[in-house]
Amino acid sequence: MLRWEWSFWVFFGGISLVLAEQLPDKTPLLNVREVYEFVEEQIPEKGEFEKTVDYTNNVRNQLQNSSFFQGNLDKDFYCQLDDTKFSYDADQGEGTFTVGNLYKNPDYVSKKNLSHFWEVENDLEDHGTYQGVSGLGVERSVTKIRAFRYGVAFAGSPDLPSYQFQWKCEMSTEQARQAKANFGALLHFQIDTETLLHGKLVLMKGFDYHKPTINAPYDTSDYYRGVQAKKPILILYNRKTREIFARIDLTTYESSWRKEYQKELAEKKLKEEQARQAREQEQKAREEAMNQKKRRAILQTDEFFQEWELPEGKIFAKYVKMKNQNVVFQKEDGTEIEVSPDSLNGQQKDLLKLAKNFKKTKRILVKERLWTYGYGNTKSKTRGTFVRSGKIPGAYSKELYLFIQRADGKPEAIPVSSLSKGDQKWFVNTLKDFNEEKKAYEKKYNTRLLNN
(Lines give C-alpha, C1' and ligand atoms only; values in the text may rest on other atoms or scores of the structure.)
Protein backbone atom coordinates (compact mmCIF):
# COMPACT_ATOMS: atom_id res chain seq x y z
CA MET A 1 0.00 0.00 0.00
CA LEU A 2 1.26 3.45 -0.81
CA ARG A 3 2.32 5.62 2.11
CA TRP A 4 2.00 9.38 2.45
CA GLU A 5 3.49 12.19 4.47
CA TRP A 6 3.31 15.95 4.78
CA SER A 7 6.62 17.69 4.18
CA PHE A 8 7.28 21.37 4.88
CA TRP A 9 10.03 23.51 3.37
CA VAL A 10 10.60 26.95 4.80
CA PHE A 11 11.98 29.59 2.50
CA PHE A 12 11.78 33.39 2.28
CA GLY A 13 9.59 33.38 5.38
CA GLY A 14 6.90 31.23 3.70
CA ILE A 15 5.75 27.64 3.97
CA SER A 16 5.44 25.35 0.97
CA LEU A 17 3.55 22.07 1.12
CA VAL A 18 5.36 19.27 -0.72
CA LEU A 19 3.12 16.44 -1.88
CA ALA A 20 4.91 13.12 -1.63
CA GLU A 21 2.45 10.78 -3.37
CA GLN A 22 0.33 10.51 -6.50
CA LEU A 23 -2.59 8.30 -7.37
CA PRO A 24 -2.06 5.87 -10.26
CA ASP A 25 -3.18 7.22 -13.62
CA LYS A 26 -5.98 4.70 -13.68
CA THR A 27 -7.74 4.06 -10.40
CA PRO A 28 -10.72 1.73 -11.01
CA LEU A 29 -13.79 2.90 -9.14
CA LEU A 30 -16.16 0.45 -7.51
CA ASN A 31 -19.90 0.61 -8.17
CA VAL A 32 -21.31 -0.27 -4.74
CA ARG A 33 -24.78 -0.78 -6.18
CA GLU A 34 -23.50 -3.49 -8.54
CA VAL A 35 -21.67 -5.28 -5.70
CA TYR A 36 -24.77 -5.11 -3.55
CA GLU A 37 -27.03 -6.46 -6.30
CA PHE A 38 -24.52 -9.20 -7.15
CA VAL A 39 -24.40 -10.45 -3.59
CA GLU A 40 -28.15 -10.08 -3.16
CA GLU A 41 -28.96 -11.98 -6.33
CA GLN A 42 -26.08 -14.43 -6.84
CA ILE A 43 -25.00 -15.43 -3.31
CA PRO A 44 -27.61 -17.77 -1.80
CA GLU A 45 -28.41 -18.21 1.86
CA LYS A 46 -27.00 -21.30 3.55
CA GLY A 47 -29.35 -24.24 3.15
CA GLU A 48 -30.64 -26.26 6.07
CA PHE A 49 -28.99 -29.44 4.80
CA GLU A 50 -25.77 -27.79 3.67
CA LYS A 51 -22.60 -28.10 5.75
CA THR A 52 -20.98 -24.83 6.77
CA VAL A 53 -17.64 -25.80 5.28
CA ASP A 54 -19.28 -26.62 1.93
CA TYR A 55 -21.27 -23.40 1.93
CA THR A 56 -18.20 -21.32 2.78
CA ASN A 57 -16.17 -22.93 0.01
CA ASN A 58 -18.94 -22.34 -2.53
CA VAL A 59 -19.33 -18.68 -1.58
CA ARG A 60 -15.56 -18.15 -1.63
CA ASN A 61 -15.35 -19.59 -5.13
CA GLN A 62 -18.20 -17.39 -6.36
CA LEU A 63 -16.60 -14.28 -4.94
CA GLN A 64 -13.13 -15.05 -6.26
CA ASN A 65 -14.50 -15.71 -9.73
CA SER A 66 -16.57 -12.54 -9.79
CA SER A 67 -15.58 -9.51 -11.85
CA PHE A 68 -15.21 -7.49 -8.65
CA PHE A 69 -12.63 -9.53 -6.76
CA GLN A 70 -10.91 -11.21 -9.73
CA GLY A 71 -9.40 -13.94 -7.57
CA ASN A 72 -8.34 -11.67 -4.66
CA LEU A 73 -10.67 -11.41 -1.66
CA ASP A 74 -8.31 -8.81 -0.09
CA LYS A 75 -8.52 -6.53 -3.09
CA ASP A 76 -8.41 -2.76 -2.55
CA PHE A 77 -11.44 -0.81 -3.77
CA TYR A 78 -12.03 2.91 -4.40
CA CYS A 79 -15.32 4.85 -4.40
CA GLN A 80 -15.69 8.44 -5.57
CA LEU A 81 -17.22 10.81 -2.99
CA ASP A 82 -19.07 13.60 -4.80
CA ASP A 83 -20.26 15.89 -1.99
CA THR A 84 -17.00 17.87 -1.70
CA LYS A 85 -16.09 21.48 -1.02
CA PHE A 86 -12.85 23.43 -0.51
CA SER A 87 -12.32 26.80 1.19
CA TYR A 88 -9.18 28.83 1.93
CA ASP A 89 -8.24 31.31 4.63
CA ALA A 90 -5.59 33.50 2.98
CA ASP A 91 -4.78 35.32 6.23
CA GLN A 92 -4.00 32.09 8.04
CA GLY A 93 -2.65 30.27 4.97
CA GLU A 94 -4.96 27.36 5.80
CA GLY A 95 -7.10 25.24 3.50
CA THR A 96 -10.22 23.33 4.57
CA PHE A 97 -11.35 20.20 2.72
CA THR A 98 -14.99 19.21 3.36
CA VAL A 99 -16.62 15.91 2.39
CA GLY A 100 -20.32 15.31 3.12
CA ASN A 101 -22.83 12.45 3.30
CA LEU A 102 -21.13 10.76 6.27
CA TYR A 103 -23.65 9.26 8.70
CA LYS A 104 -22.64 8.46 12.27
CA ASN A 105 -24.19 5.67 14.36
CA PRO A 106 -27.46 5.11 12.44
CA ASP A 107 -29.41 2.12 13.75
CA TYR A 108 -28.89 0.06 10.62
CA VAL A 109 -25.12 0.37 11.09
CA SER A 110 -24.88 0.17 14.88
CA LYS A 111 -26.68 -3.19 15.02
CA LYS A 112 -23.77 -4.66 13.03
CA ASN A 113 -21.25 -3.27 15.55
CA LEU A 114 -20.17 -0.65 13.04
CA SER A 115 -20.26 3.12 13.45
CA HIS A 116 -20.37 4.98 10.12
CA PHE A 117 -22.00 4.87 6.71
CA TRP A 118 -20.54 6.91 3.86
CA GLU A 119 -23.00 7.44 1.02
CA VAL A 120 -21.29 7.20 -2.36
CA GLU A 121 -24.28 7.29 -4.72
CA ASN A 122 -28.08 7.53 -4.64
CA ASP A 123 -31.12 6.92 -6.79
CA LEU A 124 -34.00 9.32 -6.14
CA GLU A 125 -37.47 8.38 -7.39
CA ASP A 126 -40.18 11.02 -7.62
CA HIS A 127 -43.53 9.46 -6.73
CA GLY A 128 -45.61 12.54 -7.39
CA THR A 129 -47.22 15.05 -5.05
CA TYR A 130 -50.22 15.29 -2.77
CA GLN A 131 -51.83 18.00 -0.66
CA GLY A 132 -50.80 17.90 2.97
CA VAL A 133 -52.39 19.75 5.87
CA SER A 134 -50.45 20.82 8.99
CA GLY A 135 -51.81 20.68 12.51
CA LEU A 136 -52.68 24.36 12.22
CA GLY A 137 -54.65 23.74 9.05
CA VAL A 138 -52.04 25.06 6.62
CA GLU A 139 -52.15 23.29 3.26
CA ARG A 140 -48.97 22.58 1.36
CA SER A 141 -48.08 20.56 -1.73
CA VAL A 142 -45.92 17.62 -0.57
CA THR A 143 -43.49 15.79 -2.85
CA LYS A 144 -43.19 12.08 -2.22
CA ILE A 145 -39.67 10.77 -2.71
CA ARG A 146 -38.26 7.29 -2.56
CA ALA A 147 -34.46 7.35 -2.21
CA PHE A 148 -32.07 4.41 -2.51
CA ARG A 149 -28.76 5.42 -0.94
CA TYR A 150 -25.75 3.18 -1.60
CA GLY A 151 -22.58 3.38 0.45
CA VAL A 152 -19.93 1.76 2.60
CA ALA A 153 -20.36 0.90 6.30
CA PHE A 154 -17.34 0.61 8.58
CA ALA A 155 -16.11 0.80 12.15
CA GLY A 156 -14.56 4.27 12.33
CA SER A 157 -12.91 6.43 14.94
CA PRO A 158 -15.31 7.95 17.52
CA ASP A 159 -13.86 11.33 16.54
CA LEU A 160 -15.34 11.13 13.06
CA PRO A 161 -18.22 13.64 12.82
CA SER A 162 -21.73 13.21 11.49
CA TYR A 163 -22.52 14.30 7.92
CA GLN A 164 -19.57 16.60 7.14
CA PHE A 165 -15.92 15.61 7.55
CA GLN A 166 -13.36 18.43 7.51
CA TRP A 167 -9.59 18.36 7.14
CA LYS A 168 -7.43 21.46 7.61
CA CYS A 169 -3.82 22.02 6.62
CA GLU A 170 -1.35 24.79 5.81
CA MET A 171 -0.83 25.50 2.12
CA SER A 172 0.26 28.25 -0.25
CA THR A 173 -2.14 30.43 -2.25
CA GLU A 174 -1.23 28.69 -5.51
CA GLN A 175 -1.81 25.27 -4.00
CA ALA A 176 -5.16 26.49 -2.66
CA ARG A 177 -6.19 27.66 -6.14
CA GLN A 178 -5.36 24.23 -7.53
CA ALA A 179 -7.31 22.53 -4.74
CA LYS A 180 -10.32 24.82 -5.26
CA ALA A 181 -10.54 23.92 -8.94
CA ASN A 182 -9.67 20.23 -8.79
CA PHE A 183 -10.39 18.88 -5.29
CA GLY A 184 -11.66 15.30 -5.27
CA ALA A 185 -12.20 12.64 -2.60
CA LEU A 186 -11.96 8.85 -2.69
CA LEU A 187 -12.91 6.23 -0.13
CA HIS A 188 -10.29 3.47 -0.16
CA PHE A 189 -11.18 0.17 1.56
CA GLN A 190 -11.45 -3.60 1.42
CA ILE A 191 -14.77 -5.44 1.52
CA ASP A 192 -15.13 -7.48 4.70
CA THR A 193 -15.62 -10.81 2.97
CA GLU A 194 -15.23 -12.79 6.20
CA THR A 195 -18.77 -11.84 7.20
CA LEU A 196 -20.05 -12.68 3.73
CA LEU A 197 -18.66 -16.20 3.96
CA HIS A 198 -21.15 -16.83 6.78
CA GLY A 199 -24.11 -15.62 4.77
CA LYS A 200 -25.21 -12.21 3.48
CA LEU A 201 -24.02 -10.47 6.64
CA VAL A 202 -21.71 -8.36 4.51
CA LEU A 203 -24.73 -6.54 3.12
CA MET A 204 -26.02 -3.55 5.02
CA LYS A 205 -29.71 -2.66 4.84
CA GLY A 206 -31.45 0.25 6.52
CA PHE A 207 -34.58 2.35 6.33
CA ASP A 208 -35.41 5.87 7.48
CA TYR A 209 -38.56 7.88 7.07
CA HIS A 210 -38.86 11.69 7.13
CA LYS A 211 -42.24 13.25 7.62
CA PRO A 212 -43.02 16.42 5.65
CA THR A 213 -42.98 19.79 7.45
CA ILE A 214 -44.05 23.30 6.51
CA ASN A 215 -40.44 24.28 5.80
CA ALA A 216 -39.50 20.95 4.16
CA PRO A 217 -42.58 19.59 2.36
CA TYR A 218 -41.02 16.26 1.39
CA ASP A 219 -42.40 12.84 2.25
CA THR A 220 -39.15 10.85 2.05
CA SER A 221 -38.47 7.15 2.41
CA ASP A 222 -34.73 6.46 2.52
CA TYR A 223 -33.51 2.94 1.78
CA TYR A 224 -29.86 2.48 2.72
CA ARG A 225 -27.93 -0.25 0.95
CA GLY A 226 -24.25 -1.02 1.16
CA VAL A 227 -21.36 -3.34 1.99
CA GLN A 228 -19.33 -3.74 5.14
CA ALA A 229 -15.75 -2.53 4.79
CA LYS A 230 -12.47 -2.82 6.64
CA LYS A 231 -9.33 -0.66 6.59
CA PRO A 232 -11.23 2.47 5.42
CA ILE A 233 -9.05 5.38 4.28
CA LEU A 234 -10.16 8.77 2.98
CA ILE A 235 -8.00 10.17 0.17
CA LEU A 236 -8.12 13.88 -0.65
CA TYR A 237 -6.47 14.56 -4.01
CA ASN A 238 -6.11 16.80 -7.05
CA ARG A 239 -8.27 15.32 -9.84
CA LYS A 240 -6.15 16.99 -12.53
CA THR A 241 -2.59 16.18 -11.37
CA ARG A 242 -3.50 13.09 -9.25
CA GLU A 243 -1.43 14.55 -6.41
CA ILE A 244 -2.64 13.47 -2.97
CA PHE A 245 -3.34 16.21 -0.43
CA ALA A 246 -3.95 13.80 2.45
CA ARG A 247 -4.52 10.12 3.21
CA ILE A 248 -6.57 9.75 6.42
CA ASP A 249 -7.02 6.44 8.25
CA LEU A 250 -10.67 6.57 9.36
CA THR A 251 -10.18 4.00 12.12
CA THR A 252 -7.44 5.96 13.93
CA TYR A 253 -8.42 9.52 13.02
CA GLU A 254 -8.13 12.08 15.81
CA SER A 255 -9.96 15.38 15.61
CA SER A 256 -8.17 18.69 16.13
CA TRP A 257 -9.88 19.26 19.48
CA ARG A 258 -8.72 15.85 20.71
CA LYS A 259 -5.18 16.56 19.53
CA GLU A 260 -5.28 19.90 21.36
CA TYR A 261 -6.72 18.19 24.44
CA GLN A 262 -4.10 15.46 24.30
CA LYS A 263 -1.40 18.11 23.83
CA GLU A 264 -2.70 20.05 26.84
CA LEU A 265 -2.99 16.81 28.80
CA ALA A 266 0.57 15.83 27.87
CA GLU A 267 1.85 19.28 28.85
CA LYS A 268 -0.07 19.07 32.13
CA LYS A 269 1.35 15.60 32.86
CA LEU A 270 4.83 16.85 31.96
CA LYS A 271 4.49 19.79 34.36
CA GLU A 272 3.13 17.51 37.07
CA GLU A 273 5.99 15.07 36.50
CA GLN A 274 8.54 17.91 36.57
CA ALA A 275 6.96 19.26 39.77
CA ARG A 276 7.01 15.76 41.29
CA GLN A 277 10.65 15.29 40.35
CA ALA A 278 11.46 18.74 41.75
CA ARG A 279 9.72 17.82 45.02
CA GLU A 280 11.60 14.53 45.13
CA GLN A 281 14.89 16.30 44.50
CA GLU A 282 14.10 18.85 47.20
CA GLN A 283 13.17 16.04 49.59
CA LYS A 284 16.33 14.13 48.72
CA ALA A 285 18.36 17.31 49.17
CA ARG A 286 16.77 17.88 52.59
CA GLU A 287 17.35 14.26 53.57
CA GLU A 288 20.92 14.39 52.32
CA ALA A 289 21.52 17.62 54.22
CA MET A 290 20.05 16.04 57.36
CA ASN A 291 22.06 12.85 56.88
CA GLN A 292 25.19 14.88 56.26
CA LYS A 293 24.48 16.83 59.43
CA LYS A 294 24.10 13.57 61.38
CA ARG A 295 27.24 12.10 59.79
CA ARG A 296 29.21 15.21 60.60
CA ALA A 297 27.94 15.22 64.18
CA ILE A 298 29.20 11.64 64.58
CA LEU A 299 32.48 12.48 62.86
CA GLN A 300 32.95 15.47 65.14
CA THR A 301 32.40 13.31 68.22
CA ASP A 302 34.33 10.24 67.09
CA GLU A 303 37.16 11.75 65.09
CA PHE A 304 37.09 15.43 66.00
CA PHE A 305 36.24 16.57 62.46
CA GLN A 306 36.00 20.37 62.33
CA GLU A 307 35.72 23.18 59.83
CA TRP A 308 39.12 24.55 58.93
CA GLU A 309 39.63 27.87 57.22
CA LEU A 310 42.42 27.39 54.72
CA PRO A 311 43.71 29.77 52.04
CA GLU A 312 41.77 27.86 49.35
CA GLY A 313 38.56 27.92 51.40
CA LYS A 314 36.80 26.03 54.18
CA ILE A 315 37.07 22.25 54.51
CA PHE A 316 35.49 19.78 56.93
CA ALA A 317 38.31 17.51 58.05
CA LYS A 318 40.22 15.99 60.93
CA TYR A 319 43.83 16.35 61.97
CA VAL A 320 45.88 13.27 61.06
CA LYS A 321 49.56 14.03 61.67
CA MET A 322 52.46 16.37 61.04
CA LYS A 323 54.54 15.65 57.96
CA ASN A 324 57.63 17.60 56.93
CA GLN A 325 56.51 20.42 59.21
CA ASN A 326 53.14 20.52 57.42
CA VAL A 327 49.75 19.67 58.86
CA VAL A 328 47.98 16.70 57.24
CA PHE A 329 44.16 16.82 57.22
CA GLN A 330 41.79 14.07 56.10
CA LYS A 331 38.51 15.13 54.49
CA GLU A 332 35.15 13.32 54.64
CA ASP A 333 35.82 11.44 51.41
CA GLY A 334 39.09 10.08 52.78
CA THR A 335 41.43 12.24 50.72
CA GLU A 336 44.27 13.99 52.49
CA ILE A 337 45.60 17.51 52.13
CA GLU A 338 48.82 19.09 53.44
CA VAL A 339 48.80 22.62 54.77
CA SER A 340 51.55 24.84 56.18
CA PRO A 341 50.86 25.76 59.84
CA ASP A 342 51.79 29.35 58.96
CA SER A 343 48.66 29.57 56.75
CA LEU A 344 46.40 29.05 59.79
CA ASN A 345 45.14 32.03 61.78
CA GLY A 346 45.33 32.27 65.56
CA GLN A 347 42.01 30.49 66.25
CA GLN A 348 42.82 27.73 63.77
CA LYS A 349 46.21 27.20 65.44
CA ASP A 350 44.47 26.82 68.81
CA LEU A 351 42.02 24.36 67.19
CA LEU A 352 44.98 22.40 65.77
CA LYS A 353 46.51 22.20 69.25
CA LEU A 354 43.17 20.87 70.58
CA ALA A 355 42.93 18.34 67.74
CA LYS A 356 46.38 17.00 68.60
CA ASN A 357 45.29 16.64 72.25
CA PHE A 358 42.11 14.79 71.11
CA LYS A 359 44.17 12.37 69.01
CA LYS A 360 46.54 11.66 71.91
CA THR A 361 43.61 11.19 74.31
CA LYS A 362 41.79 8.81 71.96
CA ARG A 363 44.89 6.65 71.56
CA ILE A 364 44.68 6.04 75.30
CA LEU A 365 40.92 5.49 75.29
CA VAL A 366 40.86 2.92 72.48
CA LYS A 367 43.21 0.54 74.28
CA GLU A 368 41.32 -2.60 75.20
CA ARG A 369 40.40 -2.86 78.89
CA LEU A 370 38.01 -4.64 81.18
CA TRP A 371 34.94 -2.50 81.86
CA THR A 372 32.88 -3.03 85.03
CA TYR A 373 29.35 -1.62 85.15
CA GLY A 374 25.93 -2.13 86.68
CA TYR A 375 23.75 -0.87 89.53
CA GLY A 376 23.59 -2.13 93.11
CA ASN A 377 24.71 -5.72 93.57
CA THR A 378 24.29 -6.49 89.84
CA LYS A 379 27.60 -6.01 88.13
CA SER A 380 28.82 -7.03 84.69
CA LYS A 381 32.26 -7.13 83.20
CA THR A 382 33.02 -6.73 79.51
CA ARG A 383 36.33 -6.56 77.74
CA GLY A 384 36.32 -4.03 74.89
CA THR A 385 37.63 -0.84 73.38
CA PHE A 386 36.24 2.67 73.65
CA VAL A 387 34.52 3.99 70.47
CA ARG A 388 32.93 7.21 71.58
CA SER A 389 30.79 8.84 74.23
CA GLY A 390 27.52 10.67 73.77
CA LYS A 391 23.75 10.48 74.01
CA ILE A 392 21.61 7.85 72.27
CA PRO A 393 19.97 9.52 69.24
CA GLY A 394 16.22 9.94 69.68
CA ALA A 395 16.25 8.95 73.34
CA TYR A 396 14.37 11.09 75.85
CA SER A 397 17.05 10.58 78.49
CA LYS A 398 19.87 13.11 78.58
CA GLU A 399 22.18 10.59 80.18
CA LEU A 400 25.68 10.23 78.79
CA TYR A 401 26.62 6.82 77.37
CA LEU A 402 29.89 5.11 76.68
CA PHE A 403 29.89 3.24 73.36
CA ILE A 404 32.38 0.37 73.27
CA GLN A 405 33.18 -2.50 70.93
CA ARG A 406 33.33 -5.75 72.81
CA ALA A 407 36.07 -8.29 72.28
CA ASP A 408 33.56 -10.48 70.37
CA GLY A 409 33.03 -7.56 67.92
CA LYS A 410 29.54 -6.63 69.11
CA PRO A 411 28.76 -2.99 70.06
CA GLU A 412 27.43 -2.06 73.46
CA ALA A 413 26.18 1.19 75.03
CA ILE A 414 26.93 1.58 78.73
CA PRO A 415 25.49 4.45 80.85
CA VAL A 416 28.46 6.35 82.27
CA SER A 417 26.64 6.52 85.62
CA SER A 418 26.61 2.69 85.79
CA LEU A 419 30.39 2.35 85.43
CA SER A 420 32.37 1.27 88.45
CA LYS A 421 34.01 4.07 90.38
CA GLY A 422 37.40 2.95 89.12
CA ASP A 423 36.31 3.03 85.47
CA GLN A 424 34.54 6.38 85.93
CA LYS A 425 37.68 7.83 87.53
CA TRP A 426 39.88 6.45 84.72
CA PHE A 427 37.52 7.74 82.06
CA VAL A 428 37.20 11.20 83.59
CA ASN A 429 40.93 11.55 84.27
CA THR A 430 41.81 10.42 80.73
CA LEU A 431 39.48 13.08 79.25
CA LYS A 432 40.26 15.71 81.88
CA ASP A 433 43.10 17.44 80.10
CA PHE A 434 41.28 17.47 76.74
CA ASN A 435 37.98 18.63 78.28
CA GLU A 436 39.64 21.50 80.16
CA GLU A 437 41.45 22.61 77.02
CA LYS A 438 38.21 22.30 75.00
CA LYS A 439 36.23 24.40 77.50
CA ALA A 440 38.94 27.06 77.48
CA TYR A 441 38.82 27.16 73.67
CA GLU A 442 35.01 27.36 73.60
CA LYS A 443 35.02 30.18 76.16
CA LYS A 444 37.77 32.10 74.37
CA TYR A 445 36.05 31.95 70.97
CA ASN A 446 32.43 31.81 72.20
CA THR A 447 31.63 28.57 70.35
CA ARG A 448 30.81 24.93 70.98
CA LEU A 449 32.79 22.15 69.37
CA LEU A 450 31.03 18.93 70.44
CA ASN A 451 27.49 18.01 71.44
CA ASN A 452 28.60 16.21 74.59
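Caption draft 1: Spotlight on the sheet that holds strand β15 (residues 326-331). Taken together, four strands build an open sheet; the order of strands is β13-β14-β15-β16 and the sheet is antiparallel. In this open sheet, the two strands that pair with only one neighbour each are β13 (306-310) and β16 (336-339). Pairwise comparison of adjacent strand axes, ignoring direction, gives a mean angle of 55° for this sheet. Alignment of β15 against β16, held across four bridges, turns out to be antiparallel. Each residue of the ladder has a partner; that of Val 328, found in β16, is Glu 338. Taken strand by strand, helix α7 (residues 346-365) contacts β13, β14 (313-323) and β15, and its axis lies near 140° from that of β13.

Caption draft 2: Local environment of the pairing of strand β19 (residues 401-406). Relative to β19, strand β18 (residues 378-390) runs antiparallel, the two being bridged by six bridges. Within the sheet, the bridge partner assigned to Ser 389 lies in β19 and is Leu 402. Pairing analysis gives five bridges linking β19 to strand β20 (residues 411-415), with the strands arranged antiparallel. Counterpart to Leu 402 in the pairing with β20 is Ile 414. Counting the residues that bridge the hairpin from β19 to β20 gives four residues, and of these Gly 409 lies at a positive phi of roughly 90°.

Caption draft 3: Just the confidence of the model for the protein, in detail. Mean pLDDT for the protein: 84, with 91% of residues reaching 70 or above. Here strand β1 (residues 6-11) stands out as the element of the protein with the lowest mean pLDDT, 31, in contrast to strand β4 (residues 84-89), whose mean of 94 is the highest. In this model residues 1-19 is a low-confidence stretch, pLDDT under 50, and it forms 38 contacts with partners more than four residues away in sequence or in other chains.

Caption draft 4: Quick look at the packing of α7 against helix α8 (residues 421-445). Between α7 and α8, whose axes approach to 10 Å, the crossing angle comes to 170°. Here α7 lies roughly antiparallel to α8, going by the angle between them. Touching Gly 346, Gln 347, Asp 350, Leu 351, Lys 353, Leu 354, Asn 357, Phe 358, Lys 360, Thr 361, Ile 364 and Leu 365 of α7 are Trp 426, Phe 427, Thr 430, Leu 431, Asp 433, Phe 434, Glu 437, Lys 438, Tyr 441, Lys 444 and Tyr 445, all from α8. Residues belonging to the contact of α7 with α8 are distributed by class as follows: eleven nonpolar, five polar and seven charged.

Thresholds, definitions, all that
- Residues numbered from 1 in each chain as written.
- Predicted model: local features only at pLDDT ≥ 70, side-chain atom pairs only at ≥ 80, totals over all residues.
- Heavy atoms only, no water.
- Pairing = 2+ DSSP bridges.
- Helix = DSSP H or I, 4+ residues; strand = E, 2+ residues; numbered from the N terminus.
- Axes fitted to C-alpha atoms, helices over the stretch in contact; angles between N-to-C directions.
- Contact = heavy atoms within 4.5 Å.
- pLDDT = per-residue confidence, 0-100.
- Parallel < 35°, antiparallel > 145°, perpendicular 65-115°, else oblique.
- Nonpolar A, V, L, I, M, F, W, Y, C, P; charged D, E, K, R; others polar.

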